[in-house]
Amino acid sequence: MSTRQVGVIGLGAMGLGIAKTLRQRGYEVHVCDIRLEAAQQFAAEGGVAHPHPAAVAAAVPVLVSVVVNAAQTEGVLYGENGAAAAMQPGSSFIMCSTVDPNWSVALEGRLNAAGIHYIDAPISGGAAKAASGQMTVMSSAKPEAYAAAGEVLDAMAGKVYRLGDAAGAGSKVKIINQLLAGVHIAAAAEAMALGLREGVAADALYEVITHSAGNSWMFENRMAHVIAGDYTPLSAVDIFVKDLGLVLDTARASKFPLPLAATAHQMFMQASTAGFAKEDDSAVIKIFPGITLPEKKA
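Let us look at the structure shown here. (Residues numbered from 1 in each chain as written. Predicted model: local features only at pLDDT ≥ 70, side-chain atom pairs only at ≥ 80, totals over all residues. Heavy atoms only, no water.)

Things to note about the overall build of the protein chain
Part 1 of the argument: Secondary structure assignment for the protein chain yields 12 helices and 9 strands.
Part 2 of the argument: The C-alpha radius of gyration of the protein chain comes to 20 Å, within 12% of the 19 Å expected for a compact globule of 298 residues.
Part 3 of the argument: Relative to its 298 residues, the protein chain shows a buried fraction of 50%.
Part 4 of the argument: Pairs at least 24 apart in sequence give 66% of the contacts found in the protein chain among residues at least 6 apart.
Part 5 of the argument: Carbon together with sulfur atoms contributes 58% to the accessible area of the protein chain, which is approximately 13400 Å² in total.
Part 6 of the argument: Between the averaged position of the 21 positive side-chain charges in the protein chain and that of its 26 negative side-chain charges there is a distance of 2 Å. (Helix = DSSP H or I, 4+ residues; strand = E, 2+ residues; numbered from the N terminus. Rg over C-alpha atoms; globule rule 2.2 N^0.38 Å. Buried < 20%, exposed > 50% of the residue type's maximum accessible area, 1.4 Å probe, protein only. Contact = heavy atoms within 4.5 Å. Areas by Shrake-Rupley, 256 points an atom, 1.4 Å probe, with all protein chains shown as cover. Lys, Arg positive; Asp, Glu negative; His and termini not counted. Charge placed at Lys NZ, Arg CZ, Asp CG, Glu CD.)

As structure tokens, then:
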């Protein structure tokens with residue numbers, strides 16, 4: 001079986017970008033997604049579509065999973081037509097979801113027991129960087145796993161950090177990244193909401209802050225969605241309900257206080273229960289009363 005074959009399961013914003021990057025870098029890319037039309041569209045552009053994870057796993061030595069969470073990863077591996085039973089000993093599974101680090105450690109043990117290499121490899125950077133091959137990977141794995149699949153890992157991304165010689169460290173660093181991302185989005189929304197409440201023009205506030213010391217990547221990126229009045233989800237509110245929940249669970253286990261993360265989590269929870277769960281995470285700004293948000297431009 002050629003090492004230039006790779007599978008990607010999950011063709012959302014990040015997974016599709018990874019699949020396209022790998023194809024551009026010379027791999028034969030096999031894919032599947034619960035949305036059959038997404039896999040078929042990728043196949044029409046030069047990939048190979050399969051109906052389920054087992055079929056992908058049977059065709060490739062390295063399988064990249066880019067689904068939302070641990071539960072979906074379990075489904076990819078061990079659900080109906082799951083990949084694990086079809087993977088050959090010596091093949092590799094690269095897990096790109098944001099998950100509980102302890103769950104990732106346990107998954108490494110389960111896969112290793114079946115002779116399958118495992119790389120704990122959460123990702124960051126957004127859809128645009130995934131599509132351009134410039135995203136960041138926070139990985140940890142046993143040396144033999146890197147030897148088997150490190151080439152694919154490097155081909156996926158602009159920056160691959162190797163953070164440890166076993167699963168768990170990659171997921172821990174991703175959890176910390178998500179703490180910062182969630183707090184920054186919540187703070188950006190709070191600042192923009194205060195400006196609107198005080199009568200400052202949204203575009204003027206955006207222009208000033210993005211050229212001042214108070215700027216952050218999340219303010220610049222997410223408040224642009226607010227200015228445009230466009231809450232089409234690139235990363236949804238409920239993603240941060242989940243991810244900040246994982247942050248707090250991790251800290252709670254060692255009784256470590258996270259007051260800012262806890263507040264941000266409550267803000268995303270409020271936005272979710274108010275009906276904005278599936279909207280872009282910048283929709284957390286909608287929890288603030290008494291403000292008039294910019295409308296979507298025609």
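Back to the write-up after that little detour.
Here we look at the pairing of strand β2 (residues 28-32)
Part 1 of the argument: Most of β2 is tucked away, with 4 of its 5 residues classed as buried.
Part 2 of the argument: Looking at chain direction, strand β1 (residues 5-9) and β2 are connected through 5 bridges and run parallel. Looking at β2, one finds that Gln5 is bridged to Glu28.
Part 3 of the argument: In this fold, β1 hands off to helix α1 (residues 13-24), which returns the chain to β2; that crossover is right-handed.
Part 4 of the argument: In this sheet, strand β3 (residues 48-49) lies alongside β2 in parallel orientation, the contact comprising 2 bridges. In the strand pairing of β3, His30 is matched with Val48.
Part 5 of the argument: Taken together, β2, helix α2 (residues 36-44) and β3 form a β-α-β motif whose crossover is right-handed. (Pairing = 2+ DSSP bridges. Right-handed = clockwise from strand over helix to strand, strands pointing away.)

Some details on the side chain of Ser282
Part 1 of the argument: With respect to the helices and strands, Ser282 occurs in the segment after α12 (259-276).
Part 2 of the argument: Judged by relative accessible area, which is 0%, Ser282 ranks as buried.
Part 3 of the argument: In contact with Ser282, not counting residues within four places along its chain, are Arg222, Met223, His225, Val226 and Tyr231.

Some words on the environment of Thr263
Part 1 of the argument: Within the fold, Thr263 resides in helix α12.
Part 2 of the argument: Taking C-alpha positions, Thr263 is 23 Å from Thr292, a pair spaced 29 residues apart along the chain.

Considering the side chain of Ser171
Part 1 of the argument: Tracing the backbone through its elements, the reader meets Ser171 in helix α8 (residues 169-197).
Part 2 of the argument: Looking at Ser171, its side chain comes within polar contact range of the side chain of Asp120, at 2.7 Å.
Part 3 of the argument: In this structure, Ser171 is in contact with Met95, Val99, Pro101, Ser104, Asp120 and Pro122, ignoring residues within four places of it in sequence. (Polar contact = N/O pair within 3.5 Å; in protein donor to acceptor, adjacent residues only side chain to side chain.)

Some words on the nonpolar core
Part 1 of the argument: Formed by 37 residues in total, the largest nonpolar core has its most connected members in Met192, Met223, Phe268, Val284 and Ile285.
Part 2 of the argument: Of all the elements in the fold, those that place two or more residues in this core are α8, α9 (202-209), α10 (217-228), α11 (237-253) and α12.
Part 3 of the argument: Here the element with the most residues in this core is α8; it accounts for 10 residues.
Part 4 of the argument: Listed in part, the 33 residues of the second largest apolar core include Ile18, Tyr146, Ala149 and Ala155. (Core = buried A, V, L, I, M, F, W, Y, C linked by side-chain atoms within 4.5 Å.)

Some words on α2
Part 1 of the argument: For α2, the set of buried residues is Ala38, Ala39 and Phe42. Looking straight down α2, one finds that the buried residues subtend no more than 95° of arc, so they occupy a single side. Of the exposed residues in α2, those oriented more than 90 degrees away from the buried face are Glu37, Gln40 and Ala44. (Arc of directions from axis to C-beta.)

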